[in-house]
Amino acid sequence: MMRRCALLFICFSSLIPAQQTGAVGDWPDWRGPDRDGISREKGLPEKWSLDGQGLAWKAPYGGRSTPVVLGDHLYLENTAGARETEQERLMCFNADTGKLLWEYKFSLYQSDVPAHRVGWASPVADPETGNVYSFGVNNLVTALTKDGEKLWERSITEEFSPFTTHGGRTVSPAIDGNLVIVSTPTSTWGTQANRTQRFIAMNKRTGEIVWVSTPGGRPYDTSYGPMNIATVEGVRLLLAGGSDGSAMAMKPQTGEPVFNLVIAKRGLNTGIVVNGKYAIASHGDENLDSNEMGMLFAFDATRKGKLGKDAIKWSVPGFVGGFSSAVIDGDRIYQADNAGNLFAFDVETGHELWKQNLGTVQKASTVFGDGKIYIGSESGKFFILRPHADRCEVLSEVELPLSDTGLVSQKIPEPVVAAAAVARGRVYFVSSDTLYAIGPKKTAGHPWTPVVQAMEPGQGDPAWVQVEPTELVLKPGQTVELHARLFDAAGRFLREEKSATWSLDHLKGTVADGKFEVAADPAGQAGLIKASVGSLTGEARARVIPPLPWNETFDEYPVGSLPPQWVSAQAGQFQVAELDGQKVLEKKPTDTLFKRMRVFMGPSDWSNYTVQADIRIPEKRRQMGDAGIVAQRYTLVAFGNNQRLEMNSWQPEVARAAAAPFAWKPDTWYRLKLRVENTADGKTRIRGKAWAVADAEPDGWLIDRTDPIPNKQGSPGLFADAQFGVYFDNLKVTPNQ
């Protein structure tokens, strides 16, 4: 079977732009086996009904992300529980029968995503290992076996401080070779302290970070444009829409940026497809050169660098395609606009061929297979369509059952916002309430069989040095081994270079032959480990976290500086300042998006510790800001205007917060104390208190809560939401006794 699948892949690779390998009939990525929304299967269903005709099975689990299928397993990401018990969840079903095999839940933390947006991104399944990967709305990457056992997890939130919004937009992960790739706007430290969308590639087996790429500019917002990988004139490109309003590309095995074409005043959320040397993309927001909304456009994907209008081959201004991604069918491209109309355009000219109404609002993307289009609508219908050169034939139009997802007590047909998946003769899709399988009662489904992706070997001279792992969190005295890997000009792997010259930049320690030994000095550090091969240089970034206990008064730091190992402190405009003749940490006044920031100070695997800090909140125009401390993914916040002390782990879900009234006086020093401990019964106890620094510490705790769905580990940190700034001092982090 493995050999047959490999031969099929070789045949197809000359015909289609993408290069993902997998067994015939798999749908391992939310945009399909080739990430273009197209199935190569034949004999797919033309009709079905809710009463059983053509309905293989259904399960009472809804969602907003596309299911993926690998072997006889179907994976769906959604929510579990509600209010104080709500979590994100990855579910696994037998794809043939619909039987639930297992579910894996993980908690929400340090995120601004509202409850109804949880479970946004689709998982991705790996044809080589059989593993499945999720990227939660809290930016937690989790790797699981096909049997639901956790292999590793990586908290992108605490390592990179992503820009989370109330929109909940999350990019679905992608797999390429030995990498699993995610993307989100972040602001970390050093040269990556600025907020911008970054792509982060991890070793799919270990979770180690292999590369971090910054192909775009400052984000307007978060975006969720899917990643596509295609070969354009011999160069493999990872293509995606960016939160800076651009269509962008990078080399998928190295992250090296290739081009960036800014086209809109908001982020791009639809997938990019490829036709020869041209890439085709769309958006639904304001155009750069007018106040007209939306555009569909084709541009030259062989170009490099910052692209301009001259790269555009054709465009359709006014086409508001902001949610639903397109597919290409020979000389036609099919895409739905935001208003629920499906269009066909000529792929060479952009000329409109026909339009078919699907409803009033459209989010789900188009899926094409066996000469048919499969697409659900937010109006609660699922369509099977047969496109022609001049018209669209409706083969099946099924209105789904009524749901309680409408406003107040309104009942509406179950909305569909996710794309369908096609696997082994069936079409799978999820509504707000239900997972449906359309097609034959029995399939040719079989257990997963490993299939290794064929990667073209490199040729010629080295053009890129990659230091792996490339993002490290270390402790004093630790030794870590790094590797210098060489790639050619097309981004193909050549070899590991054993004779690279190694050096350190702003790090104390020694490095030789790729082995970096951190100095035993218990001081915080942040810097670079560099590998040079000839005229080429690659680098890894490392933060060194001092051991506990901490007792930071900021007296040893120059005014205007900050601890270099802290994540997002620079972007949040934190700095050491003088106040009343002493040094303190100031969050500078700002009325931008950066007025509300989380700073992470340590590794994400610490547990059972106490954080304490002094805070001082100014008042201006009768307004006070908010300031807080973070321990083990729980935040203790002094709400100035609301005059209360609150503990939360996921602030938008107020049901899991605990609060107590507290009268905060402006321009007065108070002390916050947050103690988190994991209990023997598997729960977590969180206690918090506050008092005026001029007073003695009270014996009792103002807040004492036990979390039934606990966060067992997490980085210490600071929180501030303050237009007019706040001050911190006398920071202490100590292990619980």
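Higher on the page you've got the structure.
The text that follows walks through the structure, step by step, so that each part is easy to find. All values reported here derive from a predicted model rather than from experimental measurement. (Residues numbered from 1 in each chain as written. Predicted model: local features only at pLDDT ≥ 70, side-chain atom pairs only at ≥ 80, totals over all residues. Heavy atoms only, no water.)

A word on the side chain of D626
Rules: Under the scheme used here, helices are H or I runs from DSSP no shorter than 4 residues and strands are E runs no shorter than 2 residues, and both carry numbers assigned from the N terminus. Categorising residues by exposure relies on relative accessible area from a 1.4 Å probe, with only protein chains included: less than 20% of the type maximum marks a residue as buried, more than 50% marks it as exposed, and the intermediate range marks it as partly exposed. Residues counted as positive are Lys and Arg, residues counted as negative are Asp and Glu, and His and the chain ends are not counted. By definition here, a salt bridge exists when the distance from a side-chain nitrogen of Lys or Arg to a carboxyl oxygen of Asp or Glu is within 4 Å. Side-chain atoms alone can form a polar contact between residues adjacent in sequence; in general such a contact is a pair of N or O atoms within 3.5 Å, and within protein one must be able to donate a hydrogen while the other accepts it. Residues count as neighbours in contact if any of their non-hydrogen atoms are within 4.5 Å of one another.
Locating D626 in the fold gives a position in strand β54 (residues 626-631). R596 is the oppositely charged side chain nearest to the buried, salt-bridge-free D626, at an N-O distance of 6.7 Å. A polar contact is formed between the side chain of D626 and the backbone nitrogen of G640, at a distance of 3.2 Å. Residues within four places of D626 in sequence aside, it is in contact with V637, A638, F639, G640, F719, A720, D721, A722 and V726.

Topic: the pattern of salt bridges
Charged atoms that come close allow side chains of opposite charge to pair. Taken as a whole, this structure holds 50 salt bridges when the rule is applied. Between K204 and E128 there is a salt bridge, with the nearest N and O atoms lying 2.8 Å from each other. Here E128 lies in the loop between β7 (124-125) and β8 (132-135) and K204 lies in the loop between β13 (196-203) and β14 (209-213), a separation of 76 residues in the sequence. In this structure E128 comes out as partly exposed when scored by relative accessible area, which is 22%. The salt bridge partner of K313 is E348, with a shortest N-O separation of 2.8 Å. One end of the pair, K313, is in strand β23 (residues 312-317); the other, E348, is in the loop between β26 (341-346) and β27 (352-357), with 35 residues separating them in the sequence. Judged by relative accessible area, K313 falls into the partly exposed class, the value being 36%. By relative accessible area, E348 is classed as partly exposed at 43%.

Considerations on the pairing of β26
Put simply, the test is: By definition, two strands form a pair when at least two bridges between them are found by DSSP.
Most of β26 sits inside the fold, with five of its six residues counted as buried. In this structure, strand β25 (residues 332-336) lies alongside β26, joined through five bridges in antiparallel fashion. Across the sheet, R332 pairs through a bridge with D346, a residue of β26. The turn linking β25 back onto β26 is made up of four residues, and G340 within it adopts a positive phi angle of 85°. In the sheet, β26 pairs with β27 via five bridges, with the strands oriented antiparallel. Bridging from a neighbouring strand, F343 pairs with K355 of β27. Taking the residues between adjacent antiparallel strands as the criterion, β26 and β27 are bridged by five residues, where G350 takes a positive phi near 80°.

Thoughts on the sheet that holds strand β11 (residues 174-176)
As a reminder, the rule being used: Comment: axis = line fitted to C-alpha atoms, over the contacting stretch for helices; angle = value between 0 and 180 degrees taken between N-to-C directions.
Strand order in this open sheet of four strands is β11-β12-β13-β14, and the pairing throughout is antiparallel. Pairing within the sheet leaves two strands with one partner each, and these edge strands are β11 and β14. Taken pair by pair, the neighbouring strands of this sheet meet at an average axis angle of 30°, ignoring direction. Sheet topology places β11 next to strand β12 (residues 179-186); three bridges connect them, and they run antiparallel. For D176, the partnering residue across the bridge sits in β12 and is L179.

Looking at the environment of P415
Positionally, P415 belongs in the loop between β33 (412-413) and β34 (421-423). Note: C-alpha distance between P415 and G369 (46 residues apart in sequence) is 23 Å. With residues near it in sequence (within four places) discarded, P415 still touches S377, E378, G380, T405, S431 and S432.

Observations concerning the sheet that holds strand β37 (residues 464-468)
Judged by pairing direction, the sheet is antiparallel, and its three strands sit side by side in the order β37-β40-β41 without closing on themselves. Strands at the two margins of the open sheet, each flanked by one partner only, are β37 and β41 (493-496). Each neighbouring strand pair of the sheet contributes to a mean axis angle of 30°, computed without reference to strand direction. As paired elements, β37 and strand β40 (residues 483-487) share five bridges and run antiparallel to each other. When the bridges of β40 are listed, W464 appears paired with F487.

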